[in-house]
Amino acid sequence: MKYLPLLLANLGRKKMRTILTIGSFTVALFLFGLLGVIDMSFNQGVEVAGVDRLIVRNKTSLIMPLPIAYKERLGQIQGVKDVTFASWFGGVYQEPKNFFPQFAIDVDTYRGMFPEFIIPDQQWEDFARDRQGCIVGRKTLERFNWKIGDRIPIQATIYRGLWDFTIRGVYDAKREADDTTQFWFHFNYLNERTPFPKDYVGWYTVRIHDPDNAGPVAKAVDERFANSSFETTTETEKAFMAGFVKQFGNIKLIILSVGSVVMFTLLLITGGNMSLSIRERINEIAVLKAIGFGPVRVLGLVLAESIGYAVIGGFLGLSLCKLFTLSGDPTNGLLPVFFLSHETVLYGIGITLLVGLVSGSIPALVAMRLNIVDAMRRV
Amino acid sequence: MTNNLHAQDALIAVKNIHKNYQRGSETIEVLRDVNLNIHKGEFVAFMGPSGSGKTTLLNLLGGLDVPTSGHIFIDGEDIAGMSAKKLTTWRSRHVGFIFQMYNLIPVMTAFQNVELPLLLTRLSKSERRRHVEAALAIVGLADRMSHYPRQLSGGQEQRVAIARAIVTDPTFLLCDEPTGDLDRKSANEILDLLTRLVQEHAKTVLMVTHDPLAANRAGTRFHLEKGVLAVNSKGEAP
């Protein structure tokens, strides 16, 4: 602590340079945080996927349906505990930009399959009684300022026509990473009005008794429907979600590439600034060494300075990112989960310290090895 | 020879010092067989033309550099053979440096500049404050503690540098052209202050200077010529 005035004095030495260096860290860490948020959003389904749930879909493609009759047959397979199903609706509210995911669900079994979603019993009962009722996630409810009892017209893009729903309940999530933008309604309502062949569902979700037994159960499911008109592909919910994310491209690689370039640039900027700063202060460092500041202490002071820039800039960048995420998903539903996770913050802090340390290391070594007599002679 | 008779009670005893520098394949002999005794409370000036080895000798006495051969006993301890690490600690305890260009840290106040050497000690914050205030009072700048170097005149800056040099109560002060960058009036003030430190506070001061007026303030003057120490002002052989 007693070196703090010296450290602060050095940080404030060239104010414009300090502002620009800290600004670089701020922008870089803001961007890093944002990339982390986007990555988290794309992968949230993978992160929160239930370990005891399998997804059964049409082997040909996810957009191809499966017969509703499979529900009973799936329940008979050894290792299977519960079965539910859902279908993608793909409608929009008022205009195309108002997108959010809508699912036609099996009212009897869906809630039990996803205990991570919290819905008051009374609301669920009201929903179950109303064929045109729906349950809306908290984020979507707040996004459109809806309330329970509102009638919501949804323009179908696959099933054609305008569909009316009445909000009977709202669900929240137990974890921050769970998606609360979904909209659930009765599969029976869809099945009744669909212009396509009836009694087909989008996919099944199966709960198994033993998560360690996921492989054999998935194999048993697919074998059960092999050589039928609707062959299946069964995988864990995590693998299914990961495959879904892959359809958008290798998001992680893109994020890693952009993040690495930003951090490397930051390293060059800070390293350059620190080198310049030390070169300007050769004489002062020589004096410090002359009066008894040892090489290690000098090394520590220079490193503390570069880490100081990093910590201030990193703190500002991550704080700004946090503030930015508080206003919610700016993409109108493309990123259903939009928050700065603790994990991203920890990574950010780690990267901040690492860049601060690495960028200061060469100037710090130069200062540490500085020969007092030579330095004095240079002035 | 008289000087050698007092060698045993000398604060600083330099024995057969040689200092060479290597420039490519050429060896440059900067100091040649320098012998010297300085007693506690002496005010010593080293004079000589540029390149005569004055600053090199000062650097050796201050533990900033090591001799090629010979011994430098300071208060009975030979610093010529000390490791760099040991020398660093030794300097912080025994030497107060005063430079021609003051070499204050421009972004720190006079108080903070003077406090710097005390950061290396175990003194508490309040003890450090007491020491700094005392040092600044000695140099007559008690009312300029919160001023930055840019807010001080050259003479005042040098006085802050002197306060920084004496704040740890070192064994001796090394001054490299302390008045070289000052006008005559300010130079006289600094020389008055150094004289007072010797007379009233029993400090030992070693000063390198080109200025004969400054050198005349010293009780003992040595002349260096091409790395060889000539007789001192008292007519004694070093």
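Please read all numbers here as calculations on a predicted model, not as lab measurements. (Residues numbered from 1 in each chain as written. Chains lettered and ligands numbered in written order. Predicted model: local features only at pLDDT ≥ 70, side-chain atom pairs only at ≥ 80, totals over all residues. Heavy atoms only, no water.)

**What about the overall build of chain B?**
And step 1. For chain B, the count of helices and strands is eight helices and 10 strands.
And step 2. A compact globule built from 238 residues would reach a C-alpha radius of gyration of about 18 Å, and chain B, at 18 Å, matches this within 12%.
And step 3. Its C-alpha atoms put chain B at 45 × 40 × 40 Å along the principal axes.
And step 4. Buried residues in chain B amount to 54% of all 238 residues.
And step 5. In chain B, of all internal contacts separated by at least 6 residues, the share reaching a separation of at least 24 is 69%.
And step 6. Put simply, chain B shows about 10400 Å² of open surface, and 49% of that area lies on carbon and sulfur atoms.
And step 7. Between the averaged position of the 27 positive side-chain charges in chain B and that of its 25 negative side-chain charges there is a distance of 5 Å. (Helix = DSSP H or I, 4+ residues; strand = E, 2+ residues; numbered from the N terminus. Rg over C-alpha atoms; globule rule 2.2 N^0.38 Å. Buried < 20%, exposed > 50% of the residue type's maximum accessible area, 1.4 Å probe, protein only. Contact = heavy atoms within 4.5 Å. Areas by Shrake-Rupley, 256 points an atom, 1.4 Å probe, with all protein chains shown as cover. Lys, Arg positive; Asp, Glu negative; His and termini not counted. Charge placed at Lys NZ, Arg CZ, Asp CG, Glu CD.)

**Here's the deal with the environment of A375(A)**
All names here are of chain A.
And step 1. Tracing the sequence through the fold places A375 in helix α14 (residues 372–378).
And step 2. For the pair A375 and F89, spaced 286 residues apart in sequence, the C-alpha to C-alpha distance is 74 Å.
And step 3. With residues near it in sequence (within four places) discarded, A375 still touches I282, A286 and L370.

**Quick word on the pairing of strand β7 (residues 133–137) of chain A**
Residues and elements named next belong to chain A.
And step 1. When you tally the buried positions in β7, you get five out of five residues, the bulk of the element.
And step 2. Burial along β7 is two-sided: G133, I135 and G137 and C134 and V136, pointing in opposite directions, are all buried.
And step 3. For β7 and strand β10 (residues 183–186), the ladder comprises three bridges, and the chain directions are antiparallel. Bridge pairing in β10 places V136 opposite F183. (Pairing = 2+ DSSP bridges.)

**Quick look at the packing of aromatic side chains**
What characterises a pair of aromatic rings is the spacing of the ring centres plus the angle enclosed by the ring planes.
And step 1. Within this structure, the stated rule accounts for 38 aromatic pairs over all chains.
And step 2. When the centroid spacing of 5.8 Å and the interplanar angle of 75° are considered together, the rings of F30(A) and F324(A) count as edge-to-face. Separated by 294 residues along the polypeptide, F30(A) in helix α2 (residues 15–48) and F324(A) in helix α12 (residues 295–326) bring together distant segments of the chain.
And step 3. Using a relative accessible area of 24% as the deciding quantity, one classes F30(A) as partly exposed.
And step 4. For F324(A), a relative accessible area of 33% gives the class partly exposed.
And step 5. Where F46(B) meets F222(B), the ring centres are 5.7 Å apart and the plane angle is 20°; that geometry is what we call stacked. With F46(B) in strand β3 (residues 43–47) and F222(B) in strand β9 (residues 220–225), the pair connects residues that are 176 residues apart, well separated along the chain. Neither residue differs from the other here; F46(B) and F222(B) are each classed as buried. (Phe/Tyr/Trp six-rings, centres within 6.5 Å; stacked < 30°, edge-to-face > 60°.)

**Overview of the interface of chain B and chain A**
Buried accessible area, meaning the area lost when the parts come together, often serves as the stated size of an interface.
And step 1. Taken together, the contact between chain B and chain A spans 22 residues of the former and 22 residues of the latter.
And step 2. Each partner contributes to the roughly 2000 Å² buried at the junction of chain B and chain A, and carbon and sulfur atoms together form 68% of this total.
And step 3. For the chain B face of the interface with chain A, the top three residues by lost area are V107(B), L119(B) and L120(B), together amounting to 28%.
And step 4. Counting every contact that joins chain B to chain A gives zero salt bridges.
And step 5. No other element matches helix α3 (residues 84–94) of chain B, which puts three residues into the side of chain B that touches chain A.
And step 6. Tallied by class, residues from the side of chain B that touches chain A come to 12 nonpolar, six polar and four charged. (Buried area = accessible area lost by both parts, 1.4 Å probe. Salt bridge = Lys/Arg side-chain N within 4 Å of Asp/Glu carboxyl O. Nonpolar A, V, L, I, M, F, W, Y, C, P; charged D, E, K, R; others polar.)

**Here we look at the pattern of salt bridges**
Residue and element names in this part refer to chain A.
And step 1. Inspection of every chain in the model, using the stated rule, returns 27 salt bridges over all chains.
And step 2. K59 serves as the salt-bridge partner of E231, at 3.9 Å between the closest nitrogen and oxygen. With E231 in the loop between α8 (214–224) and β13 (232–236) and K59 in the loop between β1 (53–58) and β2 (66–67), the pair connects residues that are 172 residues apart, well separated along the chain.
And step 3. A relative accessible area of 25% places E231 in the partly exposed class.
And step 4. As a salt-bridge pair, E116 and R175 come within 4.0 Å of each other at their nearest N and O atoms. With E116 in the loop between α4 (110–113) and β6 (117–118) and R175 in the loop between β9 (162–173) and β10, this pair connects stretches of sequence that are 59 residues apart.
And step 5. Linked through salt bridges whose partners overlap, the residues forming this network are R53, E116, R175, D178 and E237.

**Focus: unusual backbone geometry**
What is expected of a backbone is that most residues other than glycine have negative phi and most peptide bonds are trans.
Residue and element names in this part refer to chain B.
And step 1. Of note, the phi angle at N16 is positive, near 50°, even though the residue is not glycine.
And step 2. Turning to its location among the elements, N16 is positioned in strand β1 (residues 12–23).
And step 3. Although it is not a glycine, D169 sits at a positive phi angle of roughly 55°.

**Structural notes on the side chain of N273(A)**
And step 1. Summarising the element assignment, N273(A) is placed in helix α10 (residues 251–280).
And step 2. With a relative accessible area of 19%, N273(A) lands in the buried category.

**A closer look at the layout of surface pockets**
And step 1. Here the second largest pocket defines a volume of roughly 870 Å³.
And step 2. What lines the second largest pocket is a set of 32 residues, among which M376(A), R377(A), T55(B), N59(B) and D176(B) lie closest to the centre.
And step 3. When contributions to the lining of the second largest pocket are tallied by element, the ones reaching two or more residues are α14 of chain A together with β1, β2 (26–38), α2 (54–61), β6 (95–98) and β7 (172–176) of chain B.
And step 4. At five residues, the largest contribution of residues to the lining of the second largest pocket is made by α2(B).
And step 5. Partitioned by chemical class, the residues of the lining of the second largest pocket number 15 nonpolar, 12 polar and five charged. (1 Å grid on protein atoms, 1.4 Å probe; cavity = no way out; pocket = protein on both sides within 12 Å on 5 of 7 lines; lining within 4 Å. Points joined across faces, edges and corners; volume = space filled by probe spheres on them.)

**A short note on empty space enclosed by the protein**
All names here are of chain A.
And step 1. Counted by the stated rule, this structure contains three cavities of 30 Å³ or more.
And step 2. Of the volumes computed, that of the largest cavity is approximately 130 Å³.
And step 3. Here the element with the most residues in the lining of the largest cavity is α12; it accounts for four residues.
And step 4. Class assignment for the residues of the lining of the largest cavity results in eight nonpolar, one polar and four charged.
And step 5. The calculated volume of the second largest cavity comes to roughly 70 Å³.

**A word on the nonpolar core**
And step 1. F293(A), I12(B), F46(B), L61(B), L116(B), F172(B) and L206(B) are the most contacted members of the largest nonpolar core, which has 64 residues in total.
And step 2. Once residues within four sequence positions are removed from consideration, L116(B) is found in contact with L6(A), L288(A), I291(A), F293(A), I105(B) and M108(B).
And step 3. Within the second largest apolar cluster, 40 residues are counted, among which are F100(A), F183(A), F185(A) and V206(A). (Core = buried A, V, L, I, M, F, W, Y, C linked by side-chain atoms within 4.5 Å.)

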